[in-house]
Amino acid sequence: MVSGYDIKSKMDNININKTVLIVLSVSMAVFVWSFSAGTVNIALPTISQYMDISTYLVSWVVIVHLLILTSFMLIFGRLGDIIGLRKVFLMGICVFTVSSYLCGISIDFVQLLLFRGLQGLGSAMLLSISPALISKHLNPNFQAKGFAAISAATTIALAAGYGAGGLTLQYCDWNWVFLIVVPLGIIAFILNFFFIPPDTFHEKKLDFDLVGAFLILIVMVILILSIYVAKDMGLTSKWFIGGICFDFILFSGLIHWENKQKYPIFDLNLLKDSKLLLPLLAAFLITLVFMGTIFLVPFYLDLIMGYSTAFSGILILIPTLLVLIAGPLSGVITDKFGSKIPTVISCIFLLISLGFFILTDPTTGIIFILIALSTRFLSEGFFAPANNKQIMKNGYKGNRGSISSLMNTSKYMGIILGVVIFDAIFESTIVQQTTNLANMPVTGALHLAAPVSVLLSGFQNAFLLGLTISLSVLVMVLLSRQWEG
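What counts, and where the lines are drawn
Residues numbered from 1 in each chain as written. Predicted model: local features only at pLDDT ≥ 70, side-chain atom pairs only at ≥ 80, totals over all residues. Heavy atoms only, no water. Helix = DSSP H or I, 4+ residues; strand = E, 2+ residues; numbered from the N terminus. Contact = heavy atoms within 4.5 Å. Areas by Shrake-Rupley, 256 points an atom, 1.4 Å probe, with all protein chains shown as cover. Expected span 1.5 Å × (residues − 1). Buried < 20%, exposed > 50% of the residue type's maximum accessible area, 1.4 Å probe, protein only. Polar contact = N/O pair within 3.5 Å; in protein donor to acceptor, adjacent residues only side chain to side chain. Phe/Tyr/Trp six-rings, centres within 6.5 Å; stacked < 30°, edge-to-face > 60°. Lys NZ or Arg CZ within 6 Å of the ring centre and 35° of its normal. Axes fitted to C-alpha atoms, helices over the stretch in contact; angles between N-to-C directions. Left-handed = near helix turned anticlockwise from the far one by under 90°. Nonpolar A, V, L, I, M, F, W, Y, C, P; charged D, E, K, R; others polar. Parallel < 35°, antiparallel > 145°, perpendicular 65-115°, else oblique. Core = buried A, V, L, I, M, F, W, Y, C linked by side-chain atoms within 4.5 Å. Patch = residues over 30% accessible without salt bridge, like charges linked within 9 Å, V, L, I, M, F, W, Y side chains within 5 Å. Salt bridge = Lys/Arg side-chain N within 4 Å of Asp/Glu carboxyl O. Bend = angle between axes of the 7 residues up to and from the residue.

Attention now goes to the overall build of the protein. Along the backbone of the protein there are 17 helices and 0 strands. Contacts spanning at least 24 positions in sequence make up 83% of the contacts within the protein whose residues lie at least 6 apart. If you sum the accessible surface of the protein, you get close to 21600 Å²; carbon and sulfur atoms cover 70% of it.

Encoded structure:
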């Protein structure tokens, strides 16, 4: 005779197995995206040489993808709430995989950019929905672990992408860095097709706000392009200032339009909830610091410490693996005690890392540098699972896609602004301190001719801003009663 306890135990095992398969499937899709990012980034110099184009032009292989990805996230998140998260997610994997193949068979640079834009659409579908699937299908006691698995998959895939891309380019043409992604995409599609539960709706499907979607798209495109103009021409450029002013006018029109809609593409009322707004702000600010620091670190190791590119790469790669330890640990702590503790730990690690970088100079030993890098990646590992759960716990069956896409949009805006702001502070410091120095070029790669003391000031100013931002987030989390924990 089978007891009630035995039946319950078997049901629990079935639920755990389903949870594992869902996390594995979603993680595989995110793995494919991150793996592709690594292979493409390392192939840029080869593509530039093969197509005989400048480094500025070849950088648009990344910019176009990121531009489309960020601009469409809110749209596809809302679409997921309307037609189903699973449908949009599977469509994203399919579009991403097919466009990877099309990138691989491109015969010129224009075709490559066109298909990278299409790939950006697939990326937007995939990344805007992935957190929502974890939030929807996993028990709250397992959600942070699920987010930790996605974070780990992203880290492993990026490192694997750099390695696989380098090996591929050694024996094959540049096209193959796109083509090797195709079988992985097919596997990801099959896993998610069979293991992600079908979409179910318990309420009437809502109308899609086409005008709002168009306005959001235009606002995001102009904002991102203005940011990239600032990166190349400076924050005082008339094109940057004009673009931001025009974008503000459009954004005001967007708010006015959305407030009048019964079913808006972006529900502004979501941002009135401090339980959602504060962790979104934290995600934006911390991601900005993460990206800004990791953007400057290779230059720091080269210009200040004098390390070779190969050695710097190994030095950065080794502590990156700490994310694989910190992420799952953060997931366990978050599921058991709430998200406040791992978020505070993350901020403290980030403050320690930035403090170490500020104190370094050319005489600093390698152990000091490893500590700075290790604490930075430990911070990243602890932050993502806790913050993702803190944001997604505000979602319910009607708005998970919107909140998921809003979360990733805030993070990708942090990525873009992190590069722009940290680079701007570094470059402006060099320009200001070398203006009166003899034999210094007026334009060009000033960092290659500037004295080490000037370079050190530029890095320290940028890292000091990061430290200030991180400290403000720590204070916000500690003082907030809205934070789970």
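A separate point is helix α13 (residues 323–337). Along its 15 residues, α13 runs 20 Å from first to last C-alpha, staying within 8% of the 21 Å computed at 1.5 Å per residue. Where α13 is concerned, the buried positions are Val323, Ala326, Gly327, Ser330, Gly331, Ile333, Thr334 and Asp335. In the stretch just after α13, Gly338 is the one whose phi turns positive, near 105°.

So, about the side chain of Ser226. Relative to the assigned elements, Ser226 resides in helix α9 (residues 210–233). A distance of 2.7 Å separates the side chain of Ser226 from the backbone oxygen of Ile222, its partner in a polar contact. For Ser226, the contacting residues outside a window of four places in its chain are Phe240, Gly243 and Ile244.

This part takes up the packing of aromatic side chains. Inspection of the entire model under this criterion finds 16 aromatic pairs. Note on Tyr300 and Phe357: the rings are 5.6 Å apart at their centroids and 85° apart in plane angle, and the pair reads as edge-to-face. Of this pair, Tyr300 sits in helix α11 (residues 274–303) while Phe357 sits in helix α14 (residues 340–359); the two residues are 57 residues apart in sequence, bridging distant segments of the chain. Comparing Tyr300 with Phe357, the two get one shared label, buried. Relative to Phe463, the ring of Tyr300 lies with its centre 5.7 Å away and its plane at 65°, an arrangement referred to as edge-to-face. Residue Tyr300 is found in helix α11, and its partner Phe463 is found in helix α17 (residues 452–479); the two are separated by 163 residues along the sequence. Of the two residues, Tyr300 and Phe463, neither departs from the other in class, the shared state being buried. By the ring-pair criterion, three or more aromatic residues cluster together here, those being Tyr300, Phe357, Phe426, Phe459 and Phe463. A cation sits over an aromatic face here: Arg86 above Phe193, 5.2 Å from the ring centre. Here Arg376 stacks its cationic end above the ring of Phe377, 4.7 Å away from the centre of that ring.

So, on to the packing of helix α3 (residues 60–83) against helix α5 (residues 109–137). At their nearest, the axes of α3 and α5 sit 6 Å apart, and the two run at 35° to each other. In this structure, α3 meets α5 at a crossing whose hand is right-handed. Along the lines of polarity and charge, the residues of the contact of α3 with α5 split into 17 nonpolar, 8 polar and 1 charged.

It is at 8 Å that the axes of α3 and helix α4 (residues 85–104) come closest, and there the two elements cross at 150°. As far as their axial angle goes, α4 and α3 are roughly antiparallel. Of α4, the residues touching α3 (which contributes His65, Phe76, Leu79, Gly80, Asp81 and Ile83) are Leu85, Lys87, Val88 and Phe96. Classifying every residue of the contact of α3 with α4 gives 6 nonpolar, 2 polar and 2 charged.

Turning to the nonpolar core, a few remarks are in order. Residues Tyr300 and Phe459 are the most contacted members of the largest nonpolar core, which totals 113 residues. By residue number, the principal contributor to this core is α11, which donates 14 residues. If we ignore the near neighbours within four places in the chain, the residues touching Tyr300 are Met305, Phe357, Thr360, Asp361, Ile369, Leu456, Phe459 and Phe463. In terms of nonpolar packing, the next biggest core, distinct from the first, is built from 16 residues, Ala43, Val58, Val61 and Leu112 among them.

This part takes up a nonpolar patch on the surface. Nonpolar side chains collect at one region of the surface, where Leu21, Leu24, Ile186, Ile190, Phe193, Phe194 and Phe195 lie side by side and expose about 650 Å² of accessible area between them. Elements represented by at least two residues in the nonpolar patch include exactly α1 (4–51) and α8 (181–195). At 5 residues, α8 tops the list of elements feeding residues into the nonpolar patch. Along the polypeptide, Leu21 turns up in helix α1. By relative accessible area, Leu21 is classed as partly exposed at 30%.

Applying the stated criterion across every chain, the model contains 3 salt bridges. Lys145 is the partner of Asp335 in a salt bridge, and the nearest nitrogen-oxygen pair spans 3.0 Å. With Asp335 in helix α13 and Lys145 in helix α6 (residues 143–171), this residue pair connects regions lying 190 residues apart in the sequence. Residue Asp335 is classed as buried on the basis of its relative accessible area of 12%.

Relative to the assigned elements, Ile294 resides in helix α11. Of the residues examined, Ile294 reaches a relative accessible area of 22% and is grouped as partly exposed. Note: C-alpha distance between Ile294 and Leu373 (79 residues apart in sequence) is 9.1 Å. Sequence-distant contacts of Ile294, defined by excluding residues within four places in its chain, comprise Ile316, Arg376 and Phe377.

What follows covers α3. Between the first and last C-alpha of α3 there are 32 Å, a value that for 24 residues agrees with the 34 Å anticipated at 1.5 Å per step. By the largest-angle criterion, Met73 marks the main kink of α3, which is about 45°. Immediately beyond the C-terminal end of α3, within one or two residues, lies Gly84, with a positive phi of roughly 120°.

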